[in-house]
Amino acid sequence: MRMSMQNTPFNLASCIEFAGKYHSQQKVITRRVEDDKIVEHSYHDILLRVRQFANALKKLGVKHGECIGTIGLNTHRHLEAWYAISGQGAICHTINPRLAHHQLEYIINHADDQYILIDPIFWPLIEGLHKLFPNVKGYIVLTEEAFMPKTALPNVHCYETLLAAESAEFVWPEFDENSGSSLCYTSGTTGNPKGVLYTHKSNLIHSYACGLADVFGMTSADTVLVVVPLFHANSWGISYLGPIIGATIIFPGKRMDGEAIFELVDNYEVSLAAGVPTVWTALLEYADTHNKKMTSLRDVVVGGSAAPPSMLKAFKAKHDADLLHAWGMTEMSPLGTINRAVPQLKNMSEEEQFRYRIKQGRPVFGVDIKITDEDGKELPRDGKTVGHLLVKGNWVVHTYYGDDKPAVNAEGWFDTGDMATIDEFGYMEIVDRAKDLIKSGGEWISSVDMENKAMGHPDVSLAAAIGIPDEKWSERPLLVVVPKAGKTPDKQSIIDYLSSEFAKWQLPDDVVFVDEIPMTATGKFSKLTLRQQFSNHKIED
Ligand code: AMP
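Numbering of residues begins from 1 in every chain and follows the order in which that chain's sequence is written. Only residues with pLDDT of at least 70 are given local features in this predicted model, and only at 80 or more are side-chain atom pairs given and counted; all residues enter the totals for whole chains, interfaces and linings. Processing note: side-chain calculations cover all non-hydrogen atoms of the structure and skip hydrogens and water entirely.

Chemist: Help me understand the environment of Ala 307, please; the structure alone is not making it clear to me.
Modeler: Tracing the backbone shows Ala 307 in the loop between strand S13 (299-302) and helix H11 (309-319). Along the backbone, Ala 307 and Glu 144 are 163 residues apart, and their C-alpha atoms lie at a distance of 38 Å. When residues no more than four places from it in sequence are discounted, the contact partners of Ala 307 are Pro 277, Val 302, Leu 323, His 325 and Ile 358. Numbering of helices and strands starts at the N terminus; helices are DSSP runs of H or I of at least 4 residues and strands are runs of E of at least 2. Any two residues whose heavy atoms approach within 4.5 Å at even a single point are treated as in contact.

Here it is, written out as structure tokens:
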């Protein structure tokens, strides 16, 4: 049959082209990382700058399918880089600046990054580590000349200087919409991080879904505070959705404290905000202690870790804002579920409604979810039975970057490593984690890596790392240690020993010494028992 509809392959650059043309007055507002100054650009300005940077990259010899790394916080320059890189067919590899050095080494080399774009505040990382990245041809510092680092390294460019030399005309190439657009690595429970390569098409469908009224419900009248990092899980799709819809976007730069976030919400009348629980805890605390109310906020999306129930109540009671609890993964672009009230909840008491509203939410069209037992048999959706949470859909990973083996089972389902219930309305609730990881402030710490390293300490026989609840960071690592016979290692010597392989924020808050570690029937550490045993653990100085 003859093709009946136009079939132009989709290029993500069209989001920013559309914004520049049809939302030209709407703004991208950034607190710059170099000096905390707030700068505003219209989408039209941003579009011209994206095209200039695309020209600059082309001149540097960047080719289709090559990876370009970015080590940057949320700023307009980082956003521009996203579009300039992917739009010309290269892959924007967003890198978490807080990773341990050996993880940075692994992912930059695994992705074979050709250039690295970096915020000036992270430059010392490169001075220390550049020898570990032999294939990187050069660095582009996301700043202007006045803030360029003094360095003897060759091929270090200033972003604004590169832009200034280029034309604001650029013809975006046409290529298969299933081509990779962006790459994000996520921590594996063991071994090296794994890359998830999003495509132009998967990102587009995901963004459309995020824009549905029952999902983020974002419109051009919204001012959206994007706290969720551009370097982690695609900034929840908002960096594509904002330009598509024409919402004003605010990027907070490096200041994530309650006061700084409050100031942005208050000054710019933010109506929608997205971030991890740690940030909203700090914001609520600031508003509380300074007796401030956020009158403009309508919806606050929270995800990455479980939102404490008190947060939902606090936003509603004190600021008349709805907390939308969302769940997803890097492997899911990242959105899986979001919590909006279904009409059936209206007839329930407030307390009953609350029980549903604090769950991680219902799936968004485009992804399906189910829970299974150990043998893969589907379990009932009764809100009580706990099973392994599996997902399938148009923006869910199929194979990790560079792997041969699919990450999904024979029927195409991806095992999330989360344990959950699903109820009669389709609300999913995460109740535990089968994967052995700790998530602190929205970022992963591998418990297995920590244990393996700790067990290399000369005085340690066994070591188990678990996450314990923490009001500020959602979870913090605790290391449980069985010393070798006749040895009495002290806490600090173990932490010092770990610090060669872990970033400072990843180190355990405490080390406790025990005679034995509880084991499962299969001879593994029983993390469940340990988490229960130490759930009220107080850190000793
Ligand atoms: P990441 O790939 O780093 O975004 O992490 C995804 C994982 O974070 C999920 O598999 C969950 O373990 C956890 N996670 C994300 N959102 C939530 C949430 N709302 N509640 C509990 N855990 C969450």
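Chemist: Is there a simple way to explain empty space enclosed by the protein in this structure?
Modeler: Lining residues are defined by having an atom within 4 Å of a point belonging to a cavity or pocket. Those points lie on a 1 Å grid over the protein atoms alone, cavities being sets where a 1.4 Å probe fits but cannot get out and pockets being open sets with protein on both sides within 12 Å along at least five of seven lines. Grid points are joined across faces, edges and corners, and a volume is the space filled by probe spheres set on the points. Counted under the stated rule, the structure contains 5 cavities of 30 Å³ or more. Computed from the structure, the largest cavity encloses a volume of approximately 180 Å³. Those elements that provide at least two residues to the lining of the largest cavity are strand S8 (180-186) and strand S22 (443-446). Ten residue types, Ala, Val, Leu, Ile, Met, Phe, Trp, Tyr, Cys and Pro, are classed as nonpolar, four, Asp, Glu, Lys and Arg, as charged, and the remainder, Gly among them, as polar. Looking at the lining of the largest cavity, its residues break down into 7 nonpolar, 6 polar and 1 charged. Segmentation of the chain into domains, including their bounds, is taken from an automatic or database domain assignment. Counting contributing residues per domain, the lining of the largest cavity is built from domain 1 (17-255) and domain 3 (438-533), each supplying no fewer than three.

Chemist: Even after reading the chapter, I still don't get the site of the ligand, so can you show me in this structure?
Modeler: One heavy atom suffices: a residue is near a molecule or strand as soon as one of its heavy atoms comes within 4 Å of it. Within the structure, the ligand sits among 17 residues, and Ala 326, Thr 330, Asp 418, Lys 435 and Trp 444 are positioned closest to it. Polar contacts here mean pairs of N or O atoms no more than 3.5 Å apart (in protein, one a potential hydrogen donor and the other a potential acceptor; neighbouring residues in sequence count only if both atoms are side-chain atoms). Between the ligand and Gly 304, the relevant distance is 3.0 Å, taken from a nitrogen atom to a main-chain nitrogen or oxygen of the residue. Within the backbone of Ser 305, an N or O atom sits 3.4 Å from a nitrogen atom of the ligand. Each accessible area value is a Shrake-Rupley result obtained with a 1.4 Å probe; residue values ignore everything except the protein chains displayed when judging cover. With the chains in place, 96% of the 490 Å² that the ligand exposes on its own is no longer accessible. Residue contributions to the shell around the ligand peak at 4 residues, all from strand S14 (residues 322-328).

Chemist: In this structure, what is going on with the domain arrangement of the protein chain? I would like to understand it.
Modeler: When the parts of a complex come together, some accessible area is lost, and that lost area is often taken as the interface size. For the protein chain, the assigned domains read domain 1 (17-255), domain 2 (334-433) and domain 3 (438-533). A separation of 29 Å is found between the C-alpha centroids of domain 2 and domain 3.

Chemist: For this particular structure, what's the right way to read the pairing of S13?
Modeler: A regular strand carries its side chains on alternate faces of the sheet. Buried residues are those whose accessible area, probed at 1.4 Å on protein chains only, stays under 20% of the maximum for their type, while exposed residues exceed 50% and partly exposed ones sit between those limits. Burial along S13 is two-sided: Asp 299 and Val 301 facing one way and Val 300 and Val 302 facing the other are all buried. Strand pairing requires that DSSP identify at least two bridges connecting the strands. In the sheet, strand S12 (residues 272-275) pairs with S13 via 4 bridges, with the strands oriented parallel. If you follow Gly 275 over to S13, its bridge partner there is Val 302. Handedness of the crossover joining S12 and S13 through helix H10 (residues 277-289) is recorded here as right-handed. Bridge count between S13 and S14: 4 bridges; the pairing is parallel. Its bridge partner being in S14, Val 301 is matched across the sheet by Leu 324. We call a crossover right-handed when, viewed with the strands running away from us, the connection from the first strand over the helix to the second turns clockwise. Chirality of the crossover, the property in question, places the unit of S13, H11 and S14 among those that are right-handed.

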